[in-house]
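Residues per chain are reported as follows:
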Amino acid sequence: MRIFFTWSLALICLGLSAQAEHPIPPLEAYGELPQVYSAQVSPDGTKLATLINVEDATAMMVMDLDGEVIAVVGTQGVKARNVDFYDNEHIIIRASETTRTEGFRGQYEYSGAFSFNIETKKIKQLLRGNR
C-alpha cells in the first residue's frame, strides 16, 4: 500500500512538472476552423483544389503547381464539406445547408453535389430533380 501511494505521488508530481513546461493555448484556438482543408490533387498532378475559410465564409480555390490561382468560388449560404477531382477539368463540391420543410418538424441537413468546370468557370448542380 505504501509503495502504491509513493508511486502515485511521484507520477502526479511528474505530470505537474511536464504540464508547467507547455503554455496552454487560448480558449478561442479550440473553436477556430482550419484555414485550408479538403485539399485534392488533379489526376494529372497539375492542379490543386482546396476549401478555404476566410472571414467567416468558405470558398473553393483551384491553383496550379506554381501557386497561381486559377479560380476562387464562394460557397455562401451552404456549408462546403469537401472537394474531389472527377477528371482534370471538373471538380465535385459536396455541400449542405440546414433547412426546414413544411410538414416536417425541426431542421435537417439538405446535401447535394455540384460540378465546377475549370475551363468555363461554371457550376452545375448534380442529380437535380431526380428521384
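Every value quoted in this text rests on a predicted model; they were computed, and no experiment measured them. (Residues numbered from 1 in each chain as written. Predicted model: local features only at pLDDT ≥ 70, side-chain atom pairs only at ≥ 80, totals over all residues. Heavy atoms only, no water.)

Re the pattern of salt bridges
No. 1: Scanning the entire structure with this criterion turns up three salt bridges.
No. 2: Among the salt bridges present, the one from K79 reaches E109, with a minimum N-O distance of 3.1 Å. Placement of the pair is K79 in strand β5 (residues 79-85) and E109 in strand β7 (residues 108-117), with a sequence separation of 30 residues.
No. 3: The class of K79 is partly exposed, set by a relative accessible area of 35%. (Salt bridge = Lys/Arg side-chain N within 4 Å of Asp/Glu carboxyl O. Helix = DSSP H or I, 4+ residues; strand = E, 2+ residues; numbered from the N terminus. Buried < 20%, exposed > 50% of the residue type's maximum accessible area, 1.4 Å probe, protein only.)

Topic: the sheet that holds β5
No. 1: Judged by pairing direction, the sheet is antiparallel, and its four strands sit side by side in the order β5-β6-β7-β8 without closing on themselves. The sheet terminates laterally at β5 and β8 (122-125), the two strands that pair on one side only. For this sheet the average axis-to-axis angle between neighbouring strands, irrespective of direction, equals 25°.
No. 2: Pairing of β7 with β8 involves four bridges; the strand directions are antiparallel. Looking across to β8, one finds that F114 is bridged to Q125. (Pairing = 2+ DSSP bridges. Axes fitted to C-alpha atoms, helices over the stretch in contact; angles between N-to-C directions.)

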